[in-house]
Amino acid sequence: MQLLEEAKKIQSDIKELESLADDSKQDQEMLDMALLDIKEAQARLQTLEEKLFCSLVPDEKTGNSEVIIEVSAGVGGQEAMLFCQEIFNMYLAYADFMGWESQVTVFETTDIGGLRHGVANIKGEAVYQLLKYEGGIHRVQRVPKTEKAGRIHTSTASVAVMPHPSEIDVQIFDKDLKIETKRASGAGGQHVNTTDSAVRITHLPTGVTVESQTERSQHQNRNNCLKKLRFLLFQQQLDRNVNQYNSKRKLQVGTRARSEKIRTYNYPQDRVTDHRIGVSVHNLPAFLDGSDTLHSFICQLLEEGKKETLQEMIDNVQD
C-alpha cells in the first residue's frame, strides 16, 4: 500500500509540475526548472512502477496451464470462413512454437472451403496468461480470391479464450444435464456413419449447450463435452466477478471483448493493428505463422495489461 500511495503522489506531483510549466512559458528559467523536475519525477515513477509490477500486480488466478480456444467465422461468408481457418491455424502454430500441447475438439469445415467453427484445448506453461487478450473480434481486409473486380472486402472472425477452472469450483450434477447422441457428420469413413458417437450436452440450469464429434468413441466425446462445459461455466463465473466493478481497462478478458473489434489484418498494407493499444506490425505472413512475431506482439499486450492493472490499483488508493 505504501508503494501505491507513493506512486499516486508522484503522479500528482507530475500534474502540478506540468501545470507550472504551462504557466511559466514566459519565464525561461522557471520553465527549464519545471521541465527538469518533470523528467526526474517521471524517472522515479518508472522505477517505482517496476517495483510495483514485481510486488503488487497479482498473478492471474487463471494463469495456469490449460485453456479452450474457440474461433468462429463472422460476417463475410466464405471469405470469413477462410479467415477463420487462418486464425485457428495461427493459434495451433503458436501452441507448437511455445511447446504447448494442443488437441482439436471441433473442426467444422464447409463444402466450399474454410472453417465455420473450430475449438482446441491447449495445455502448457502460462498458456492463459499469454492468450487471455486474444479474445475478441479479429477483422481482415483484403481482396478475396473470388473477387474479379479487385475490390477489398472486410470479414471477421471471433475468438474466445476460456481458462481452465482451477480456483473456482465448478460443480456439475448429472440431474442438471441433458445428454443426446447422434451420428457424427463429415469425413471419417464407415465408422462415423454407422455409430452414434457424437454427443451433445445441455446444462439445464444455464441453458449452455456443448457438443463434440471429433473422437471415434462416444465416451471420449462425452468427456470432451463435460470439459468444455466446465470451462464455459467457469467463464461465466469469471465474468460475473469482473462485472462487480467498473473496469477502466481497454484490454478486456474473455467474453467481455467479443463485441468489439480488437485487431485488423490489412493485407494490401501488409499490416496487423491492435486497436486497444494502437500498435501495428508489418509482415502479415510472419504474424500468421504463429511464431516469434506473434509472440512479441502478445508480450506488448501483456505489458500494457500490467500497466492498466497497476494504474487501476493506484486510482483505487484512498486519499
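It should be emphasised that the depicted structure is a prediction, and the values quoted were computed from it without experimental measurement.

Q: So, unusual backbone geometry: which residues are in play, and what are the values?
A: Positive phi outside glycine occurs at alanine 126, with the angle close to 60°. Within the secondary structure layout, alanine 126 lies in the loop between β3 (115–123) and α4 (127–131). Positive phi, close to 50°, is recorded for aspartate 270, a residue that is not glycine. One can find aspartate 270 in the loop between β9 (261–266) and β10 (271–274). Aspartate 270 sits in the partly exposed class, given a relative accessible area of 32%.

Q: Residues and numbers for the pattern of salt bridges, please.
A: Counted under the stated rule, the structure contains ten salt bridges. Here arginine 142 and glutamate 86 are joined by a salt bridge, their closest N and O atoms 2.7 Å apart. Taken together, the residues arginine 142 in strand β4 (residues 136–142) and glutamate 86 in helix α3 (residues 77–97) connect sequence positions 56 residues apart. For arginine 142, a relative accessible area of 11% puts it in the buried group. On the basis of relative accessible area, glutamate 86 is assigned to the partly exposed category, the value being 25%. In the salt-bridge network here, residues are joined through shared partners; they are Glu134, Arg263, Asp274 and Arg276.

Q: So, the pairing of β9: which residues are in play, and what are the values?
A: Burial within β9 is extensive, with five of its six residues counted as buried. Where β4 and β9 come together, five bridges link them in parallel fashion. Across the sheet, the residue bridging to arginine 139 is threonine 264, located in β9. Bridge analysis of β9 against β10 gives four bridges, and the strand direction is antiparallel. When the bridges of β10 are listed, arginine 263 appears paired with aspartate 274. Counted along the chain from β9 to the antiparallel partner β10, the turn is four residues long, and its residue aspartate 270 has a positive phi close to 50°.

Q: Which residues make up the pairing of strand β11 (residues 279–282), and what values go with them?
A: Along β11, the buried face is formed by Val279 and Val281; none of Ser280 and His282, which line the opposite face, is buried. Where β10 lies against β11, four bridges are found, and the strand directions are antiparallel. Directly across from threonine 273, in β11, lies its bridge partner serine 280. Connecting β10 to the antiparallel partner β11 that follows it, the hairpin turn spans four residues, and glycine 278 within it adopts a positive phi of roughly 65°.

Definitions and limits used
Position labels on residues start from 1 in each chain and follow its written sequence. Restriction of local features to residues with pLDDT of at least 70 applies here, the model being predicted, together with a cutoff of 80 or more for giving and counting side-chain atom pairs; totals for whole chains, interfaces and linings are based on all residues. Remark: hydrogens and water are excluded; side-chain values derive from all non-hydrogen atoms of the structure. A run of DSSP states H or I qualifies as a helix once it reaches four residues; a run of E qualifies as a strand once it reaches two. Both are numbered from the N-terminal end. Each residue's exposure class comes from its accessible area (1.4 Å probe, protein chains only) as a fraction of the maximum for that residue type: buried when under 20%, exposed when over 50%, partly exposed otherwise. In what follows, salt bridge is the name for a side-chain nitrogen of Lys or Arg lying within 4 Å of a carboxyl oxygen of Asp or Glu. When DSSP finds at least two bridges between two strands, those strands are taken to pair.

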